[in-house]
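# Survey of secondary and tertiary structure
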Amino acid sequence: MADVEAPSTEMVEITIFGQRYQVPASLTVLKAIEYAGYRLVHGVGCRSGFCGACGTVYRIEGQYRLHYALACQKVVEPGMVLAQIPVYPAQRPDYKLSELSATDGQNPILEVYPEIETCFGCNTCTKSCPQELDVMGYVSALLRGDLAEAADLSFDCIMCGLCVSRCPTELAPPNMAILGRRLYARDLVPRAPHLTQRLKEIEEGVFDEEIAKLKAMSEDELRKLYAEREIEK
Amino acid sequence: MSYTEEMRRSIAKVEATRQRRLDEVYPRVGDEEKRELLENYHPDYNAEAFATLKVGPNAGDRTPRELASLLEGRPRVHPDKVDLSRVDLEADVLVIGGGGAGAPAALLAQENGADVLLVTKLRFGDANTMMAQGGIQAADKPNDSPAIHYLDVMGGGHFKNDPDLVEALVMDAPFVIRWLEEMGCMFDKEPDGTMITGHGGGTSRKRMHSARDYTGAEIMRTLRDEVRSRPIRVLEFHPAIELIKDKQGRVAGAILYSFDRNEIVVARAKAVIITTGGGGRLHYQGFPTTNHYGATADGLVMAYRVGAKLSFIDTMQYHPTGAAYPEQILGQLVTEKVRGLGAQLVNADGEQFVYPLEPRDVEAAAIVRECRRGKGVVTPSGQCGVWLDSPMIEVKRGPGTIEKALPAMVRQFKRFGIDMTKEPILVYPTLHYQNGGISIRPDGSTNVPGLYAAGEVTGGTHGRNRLMGNSLLEITVFGRRAGRAAAEYAAKAEVGELTLDHLREWFDLLGPEAAAEELELAPLLLPDYTRHERTDEVLGLE
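## Some thoughts on the overall build of chain A
- Summing up its helical and strand segments, chain A has ten helices and five strands in all.
- With respect to the three principal axes, the spread of C-alpha positions in chain A is 70 × 55 × 30 Å.
- Across the 233 residues that make up chain A, the buried fraction comes to 53%.
- Nonlocal contacts in chain A, meaning residues at least 24 apart in sequence, comprise 57% of its contacts between residues at least 6 apart.
- Accessible surface computed for chain A: about 10,700 Å², of which carbon and sulfur atoms make up 51%.
- Within chain A, the 33 negative side-chain charges are centred at a point lying 4 Å from the centre of the 24 positive side-chain charges.

## Topic: the state of the cysteines
Residue and element names in this part refer to chain B.
- Counted by the stated rule, this structure contains one disulfide over all chains.
- Here Cys371 is linked by a disulfide to Cys384, with a sulfur-sulfur distance of 2.4 Å. Residues Cys371 and Cys384 are joined through a disulfide that is left-handed, its torsion about the S-S bond being -90°. Placement of Cys371 in helix α10 (residues 360–372) and of Cys384 in strand β17 (residues 384–389) is noted, with a sequence separation of 13 residues between them.
- With a relative accessible area of 17%, Cys384 lands in the buried category.

## Section: the packing of aromatic side chains
- Overall, the coordinates contain twelve aromatic pairs over all chains when judged by the stated rule.
- Centroid distance B:Tyr257 to B:Phe259: 5.8 Å. Interplanar angle 80°. Geometry classified as edge-to-face. Neither residue differs from the other here; B:Tyr257 and B:Phe259 are each classed as buried.
- Aromatic pair B:Tyr293 and B:Tyr529: ring centres 6.4 Å apart, planes at 40°, arrangement tilted. Pair noted here: B:Tyr293 is in the loop between β12 (263–274) and α8 (298–305) and B:Tyr529 is in the loop between β23 (521–522) and α17 (533–539), with a separation of 236 residues, a long-range link. Accessibility assignment for this pair places B:Tyr293 and B:Tyr529 in one class, buried.
- Taken together, A:Phe17, A:Tyr21 and A:Tyr38 form an aromatic cluster joined through their ring pairs.
- The ring of B:Phe50 has B:Arg62 sitting right over it, with the charged end atom 4.2 Å from the ring centre.
- Its guanidinium or amino end placed over the ring of A:Phe155, B:Arg221 lies 4.9 Å from that ring's centre, counting from NZ or CZ.

## Some points on the side chain of A:Thr15
- Within the element layout of this structure, A:Thr15 appears in strand β1 (residues 11–16).
- Excluding anything up to four places from it in sequence, A:Thr15 contacts A:Arg20, A:Glu61, A:Met80, A:Val81 and A:Leu82.

## Description of the pattern of salt bridges
- Using the criterion set out here, one finds 56 salt bridges over all chains in the structure.
- Ionic pairing is found between B:Glu226 and A:Arg182, a salt bridge with its closest N-O pair at 2.6 Å. With B:Glu226 in helix α7 (residues 215–228) and A:Arg182 in helix α7 (residues 173–188), the pair connects residues from two separate chains.
- Judged by relative accessible area, B:Glu226 falls into the buried class, the value being 11%.
- Judged by its relative accessible area of 1%, A:Arg182 falls in the buried class.
- Beyond isolated ion pairs, a larger network of salt bridges with shared partners links A:Arg92, A:Arg182, B:Glu111, B:Asp225, B:Glu226 and B:Arg230.

## Describing unusual backbone geometry
All names here are of chain B.
- Here Tyr325 and Pro326 are connected by a cis peptide whose omega angle stands at -5°.
- Mapped onto the elements of the fold, Pro326 is located in the loop between β14 (316–323) and α9 (337–340).
- With an omega of 0°, the peptide bond between Ala522 and Pro523 qualifies as cis.
- Mapping Pro523 onto the fold places it in the loop between β23 and α17.
- With a phi close to 60°, His158 is a non-glycine residue in the positive phi region.
- Tracing the chain through its elements places His158 in the loop between α5 (146–156) and α6 (163–182).
- Of note, the phi angle at Phe312 is positive, near 55°, even though the residue is not glycine.
- Secondary-structure assignment places Phe312 in the loop between β13 (310–311) and β14.

## A closer look at the nonpolar core
Residues and elements named next belong to chain B.
- Membership of the largest hydrophobic core comes to 255 residues, with the highest contact counts inside it found for Leu180 and Leu451.
- When residues of this core are assigned to their parent elements, the largest contribution, eleven residues, is made by α6.
- Not counting residues within four places of it along the chain, the set of residues in contact with Leu451 comprises Leu243, Val251, Val272, Ile274, Ala303, Val306, Ala308, Gly444, Ser445 and Thr446.

What counts and what doesn't
- Residues numbered from 1 in each chain as written.
- Chains lettered and ligands numbered in written order.
- Predicted model: local features only at pLDDT ≥ 70, side-chain atom pairs only at ≥ 80, totals over all residues.
- Heavy atoms only, no water.
- Helix = DSSP H or I, 4+ residues; strand = E, 2+ residues; numbered from the N terminus.
- Buried < 20%, exposed > 50% of the residue type's maximum accessible area, 1.4 Å probe, protein only.
- Contact = heavy atoms within 4.5 Å.
- Areas by Shrake-Rupley, 256 points an atom, 1.4 Å probe, with all protein chains shown as cover.
- Lys, Arg positive; Asp, Glu negative; His and termini not counted.
- Charge placed at Lys NZ, Arg CZ, Asp CG, Glu CD.
- Disulfide = S-S within 2.5 Å.
- Phe/Tyr/Trp six-rings, centres within 6.5 Å; stacked < 30°, edge-to-face > 60°.
- Lys NZ or Arg CZ within 6 Å of the ring centre and 35° of its normal.
- Salt bridge = Lys/Arg side-chain N within 4 Å of Asp/Glu carboxyl O.
- Core = buried A, V, L, I, M, F, W, Y, C linked by side-chain atoms within 4.5 Å.

Shape is all these values report; function is a separate question.
Following this line, the structure appears as structure tokens:
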């Protein structure tokens, strides 16, 4: 199928879940796992770096350091010893956003995730982020109640959970971050004023007649109108 | 992984013409030229790639061969072997599919009093929604209106769209944006709350709302978090493989399959909403795809077998700008927002060949034409492409614009040694979206009682071609509508004795080929990218 490249001549040896395989050097980790014969159900998702399903931990043989990557975005390296971590138990208490408020300087993060105060700033989370986000930075911002900063720093989080797997105080930064972003966007950013106006107009039926007219038009009439329509610069 | 010498020579030409192209506006195509371009170069017009359906509600209609063989495929379970008297799960409303249409459907069904079960093939949120980068349309600026949006949608769809569905789409749009805003979805805004909006292909007003270039991901994770905050049951890694009816002919549940336990699960429900998305992983005509691993058209197959009518299944959307290089990310989406921000498409000589914001089918056909007439750039693996001149964005809008507006894109190319803020990127059309699907009414209902559908799995809203930013809109608008309508229906509905008689009839329709197991098993559930050379040979599988 179209997703499998023709194997290049150069092969590298990697170790997948404890077994050694020869795979083409040009493949991503995900495609290498499939090349080796695994038909994945877990540890695979959008295949484009957006969904966080394919978090992978690896070492290079002979070196002790651990590295972190998304299997769909990382090209194999010789001597890679890897395992996927498709899911990791992460704390997410029951909460209802409607019962929380971030206005007037309140910081609901401390109520929902009181354990956030145990963060001692080791920065392991940041080192394990395949998106290269400043995870510790956003955790600190959440702790301080600076939701704007936390929202900005955590925005590109794809919730793969690799930081959760590494945190020595067992925190779940991605879950804290999404609560922070939702509170920030809902409570600290003004609602779009033009949107409020438009909703009122629609409810008053301002556009009903025009829409009805368009719906009743023949294809030719519509084509003409479309061709002549003005386009905003 | 950075560019080869030969590619660099072409890039030099792109750089040489950049300053001149700043003020150069390539003319839009006229009606006649558009038709010629599409007929000669768009994959939908490649007659050999299509088959005519022989059985079912759309018998006589054309659809890509790969889809036809699944629609007329062999069910995974035989009706005689499933004991429907043993019901494992029960709900008022069963939502099949955990993406951007399924989540709003579940939320609205729950709000309207239904006990909701959402089942999904992979993880909750594993969907094309998650990868939708560019934006969501809504006519909420003073110079815009739902009527202007309506006209854009109809024009984009070649005037074949269902007017009632388009009306629902454009009139609900501002309400959906407010709904998302109130759930804490982080749209790009000015300090006073004004939405930062831009153009997409085929829009006549700047109505594309975005959340950097993670718009779909931001919407999906917000919706998912909200579902998790409600009393809604979610069952992951349990794809539906067949719908169940009752003796009165109403859809009344589904047979689920547990991947991990290799087990059948019977779920009974008063109403079922299908939100399973599209079928890019069928790789029509061998195209690479932007789609999620799970996009295998399962919902179409299941709905077709219970008698649901499909529409526009002969038209697929090829996103004009899929990554053509490096090979590791072949076919992955390069968001239309890149062109929305001002990047032009140019050929190997650094010359424009199409207005950069035509509707997607026109853009895709123009790129195919450029490659066929030898004006493309060929990569070491033989893939042809054209340049998307991304550095132009910063010439127009100042340094730092790209990093701020397109962080996901920058990251993706940087991982392979390409700096898209300084170098153009090579693109070629990639299979992106299923324009058609299950025919629905504006409330998400279908021609089969008890069966609802929303999102990419449906057909009619976009006619023959969808505009950018109308799919994130469609899933939320119609997900909400289907959820509400299904809950109202379920409140009054009775479920009779469960049956799979429709599958017996289906086997009869298929004839002896099905019994002889000659037909493809459907739904497909997952693509197979494994390489089992030896096994396939020995066991005679290929």
